[in-house]
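# Geometric and topological summary
Next come the chains, spelled out residue by residue.
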Amino acid sequence: MSVSVLGSGAFGTALAISLAGNGPVTLWSRNGDQAKQMRAARENATRLPSIALPADITVTADIAEALRAATLLLAVPMQKLRSALQDHAPALRGKTLVACCKGIELTSGLGPVAVIKESVPDARVALLTGPSFADDIAHGLPTALTLACEDTELGKALQTELTTANLRLYRTTDTIGAELGGALKNVMAIGCGAAIGAGLGDSARAALMTRGFAEMQRFAAMRGARADTLMGLSGLGDLVLTCSSELSRNYRFGLSLGLNQPFDSQMTVEGVATARAMSDIAAKEGLDMPISATVADLSHGAYSVTEAIQNLLNRPLKEE
Ligand SMILES: NC(=O)c1ccc[n+]([C@@H]2O[C@H](COP(=O)([O-])OP(=O)(O)OC[C@H]3O[C@@H](n4cnc5c(N)ncnc54)[C@H](O)[C@@H]3O)[C@@H](O)[C@H]2O)c1
Ligand SMILES: O=P(O)(O)OC[C@H](O)CO
């Protein structure tokens, strides 16, 4: 089998570097100039500077070249996934498409697996998610991820194909639980970053992580996820990583809110749109999701971190 990665940002490049340890990989960029630059410098200077691209990676802007592979990893931001698929939908028919993005589509309320099924109905679909920073993967540091696929046999084949020397994949058939864990932890990471940025302390962060996890579990159960999936790498594992490391862009975005400092608008911060999508869906379903709703409002400047915390603290007392 052969693999291509569509999307040459931080995560797509890191996955290509890791997979190159297994054999040839094609890394596709939609930007011809970027592809040319990466081919010449043998690095992704904007997203993963100073990390060499192994010789087994072919960088291309020619989609036909990338689509020769049977397995395609889709490493684009969640809110861009549908348009990326629509751009090439006829050529994607029958392919194995592995979503590598984390989020809920704002316009539809759907996760990546459902968006792929709608956009390319006869594709074979899977999801790769879990606690991992692109930088760590690209440096070959040990990482464990979840490969989610409803089709057990395809899941096993992908688990074998995409496991590398330092990237160990676990398998599940619960795509809903796996994709929601990855999507929702970004919302909580923004909240935790904001709390730390505003000087509210580690105890406040622990409270936000724990009560945020309760919201994740509630939302995932409503969508039909298995409870144990949320306890695994794609849920709790990624929540812990993202809420506690300044390598996370979602956490750093939250920090900037707490510190009242500007943030680079070119940075991919998946939790902003997902917080909005999640709290809109929760409101419609009558689910109690105060932290998610607060992060959604905070991210759009509706109030300050201090006001947000006061709102959360002043809610009626309840059982845990
Ligand atoms: N960076 C990480 O550490 C990391 C780790 C795990 C998962 N992820 C997930 O991977 C996804 C991508 O994140 P990233 O870090 O690579 O972001 P990034 O901003 O570094 O890169 C995104 C890439 O997608 C490309 N792109 C955007 N719209 C496109 C379109 N319509 N068609 C084709 N390409 C398009 C951009 O040109 C860019 O190269 C996100 O959902 C993120 O949550 C990232
Ligand atoms: O940089 P972030 O916040 O998008 O987080 C990256 C990964 O999702 C961590 O698992």
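Description of the structure in this document. The model shown is predicted, which means the values in this text are computed figures rather than measured ones.

## Overview of helix α15 (residues 290–299)
In terms of burial, α15 is largely enclosed, as eight of its 10 residues are buried. Turning to α15, its buried residues number three or more, namely Pro 290, Ile 291, Ser 292, Thr 294, Val 295, Ala 296, Leu 298 and Ser 299. Among the structural elements, α9 (175–197), α10 (202–222), α13 (249–259), α14 (271–285) and α16 (305–313) are those in contact with the buried residues of α15. At the exit of α15 stands Gly 301, carrying a positive phi of roughly 75°.

## Here's the deal with the site of ligand 1
Among the 22 residues in the neighbourhood of ligand 1, the closest are listed as Arg 47, Ala 134, Arg 249, Thr 268 and Glu 270. Contacts to ligand 1 include Arg 47, whose side-chain N or O atom sits 2.8 Å from an oxygen atom. Here Lys 102 contributes a backbone N or O atom positioned 3.0 Å from an oxygen atom of ligand 1. Considered on its own, ligand 1 offers 830 Å² of accessible surface; in the complex 89% of this is hidden by protein. Going through the elements one at a time, α1 (10–19) and α4 (78–87) are the ones with two or more residues in the shell around ligand 1. In terms of residues, the shell around ligand 1 owes the most to one element, α4, which gives three residues. In terms of residue class, the shell around ligand 1 is made up of 11 nonpolar, five polar and six charged.

## Re the packing of α15 against α16
Each packed pair of helices is defined by two parameters, the angle between the axes and the distance between the axes. The N-to-C vectors of α15 and α16 enclose an angle of 160°; their axes lie 11 Å apart at closest approach. Classified by the interaxial angle, the pair formed by α15 and α16 is roughly antiparallel. Here the hand of the crossing between α15 and α16 comes out right-handed. Residue-level contacts link Pro 290, Ile 291, Thr 294 and Leu 298 of α15 to Val 305, Ala 308 and Leu 312 of α16. Taken together, the residues that form the contact of α15 with α16 break down as six nonpolar, one polar and no charged.

## Observations concerning the packing of aromatic side chains
Applying the stated criterion across every chain yields a total of one aromatic pair. Here the aromatic rings of Phe 253 and Phe 263 are separated by 5.4 Å at their centres, their planes lie at 75°, and the arrangement is edge-to-face. Placement of Phe 253 in helix α13 and of Phe 263 in the loop between α13 and α14 is noted, with a sequence separation of 10 residues between them. Taking relative accessible area as the criterion, Phe 263 reaches 26% and is therefore assigned partly exposed.

## Describing the nonpolar core
Counting 36 residues, the largest nonpolar core has Leu 15, Ile 57, Leu 73, Val 98, Leu 128, Leu 147 and Leu 162 as the members making the most contacts within it. Counting residues per element, this core draws most heavily on α1, at seven residues. Formed by 34 residues, the second largest nonpolar core is a distinct cluster that contains Ile 104, Met 216, Val 269 and Ala 296.

## Focus on unusual backbone geometry
A positive phi is found at Arg 42, a non-glycine position, where the angle reads about 55°. Positive phi outside glycine occurs at Ser 50, with the angle close to 65°. Structurally, Ser 50 can be placed in the loop between α2 (32–41) and β3 (57–60).

## Quick word on the pairing of strand β4 (residues 71–74)
Side chains Thr 71 and Leu 73 project from β4 onto one buried face, and the interleaved Leu 72 and Leu 74 project onto a second face that is buried too. Here strand β1 (residues 3–6) runs beside β4; their pairing, made up of four bridges, is parallel. Note that in β4 the partner of Leu 6 across the bridge is Leu 74. Bridge count between β4 and strand β5 (residues 96–99): four bridges; the pairing is parallel. Residue pairing in the sheet places Leu 73 in a bridge with Val 98 of β5.

## Re the sheet that holds strand β8 (residues 167–172)
Strand order in the open sheet formed by eight strands is β3-β2-β1-β4-β5-β6-β7-β8, with mixed pairing between adjacent strands. Each of the sheet's edge strands pairs with one partner strand only, and the pair in question is β3 and β8. For this sheet, the mean angle separating the axes of adjacent strands, direction not counted, is 25°. For β1 and strand β2 (residues 25–28), the ladder comprises four bridges, and the chain directions are parallel. In the sheet register, Val 5 faces β2, and the bridge partner there is Leu 27. Against the sheet, α1 makes contact with β1, β2, β3, β4, β6 (124–129) and β8, and its axis sits at roughly 170° relative to β2, the strand it touches most. Here helix α8 (residues 152–162) sits on the sheet in contact with β1, β4, β5, β6, β7 (143–148) and β8, set at roughly 175° to β8.

What counts and how
- Note on numbering: residues in each chain are counted from 1, in written sequence order.
- Working convention: letters from A go to chains and numbers from 1 go to ligands, in the order in which they are written.
- Local features in this predicted model are restricted to residues whose pLDDT is 70 or higher, and side-chain atom pairs enter the listing and the counts only when it is 80 or higher, whereas totals over whole chains, interfaces and linings include all residues.
- To get the side-chain values, take all heavy atoms of the structure and skip hydrogens and water.
- With a 1.4 Å probe rolled over the protein chains alone, any residue whose accessible area is under 20% of its type maximum counts as buried; one over 50% counts as exposed, and the rest are partly exposed.
- Secondary structure elements are defined from DSSP: runs of H or I of at least 4 residues count as helices, runs of E of at least 2 residues count as strands, and each element is numbered from the N terminus.
- Residue contacts are counted whenever heavy atoms from the two residues lie within 4.5 Å of one another.
- Here a residue is considered near a molecule or strand provided that any single heavy atom belonging to it is located within 4 Å of it.
- Within 3.5 Å is the distance limit for a polar contact, defined as a pair of N or O atoms, with the added protein rule that one can donate a hydrogen and the other accept it, and that residues adjacent in sequence qualify only through two side-chain atoms.
- With residues, only the protein chains shown are counted as cover, and all accessible areas are computed by Shrake-Rupley using a 1.4 Å probe.
- Residues are grouped as follows: Ala, Val, Leu, Ile, Met, Phe, Trp, Tyr, Cys and Pro are nonpolar; Asp, Glu, Lys and Arg are charged; every other residue, Gly included, is polar.
- Here, axes are lines fitted to C-alpha atoms. For helices the fit covers the stretch in contact, and angles between N-to-C directions go from 0 to 180 degrees.
- Each angle is binned into one of four classes, with values under 35 degrees roughly parallel, values over 145 roughly antiparallel, values of 65 to 115 roughly perpendicular, and all other values oblique.
- Each crossing is labelled by how the near helix is turned from the far one, with a counterclockwise turn of less than a right angle marking it left-handed and a clockwise turn marking it right-handed.
- The criterion for an aromatic pair is that two Phe, Tyr or Trp rings (for Trp, the six-membered ring) have centres within 6.5 Å, with stacked assigned to planes under 30 degrees apart, edge-to-face to planes over 60 apart and tilted to the rest.
- We define the nonpolar core as a collection of buried residues of types Ala, Val, Leu, Ile, Met, Phe, Trp, Tyr and Cys that are connected through side-chain atoms lying within 4.5 Å of one another.
- Here the rule is simple: two strands pair whenever DSSP picks up at least two bridges between them.

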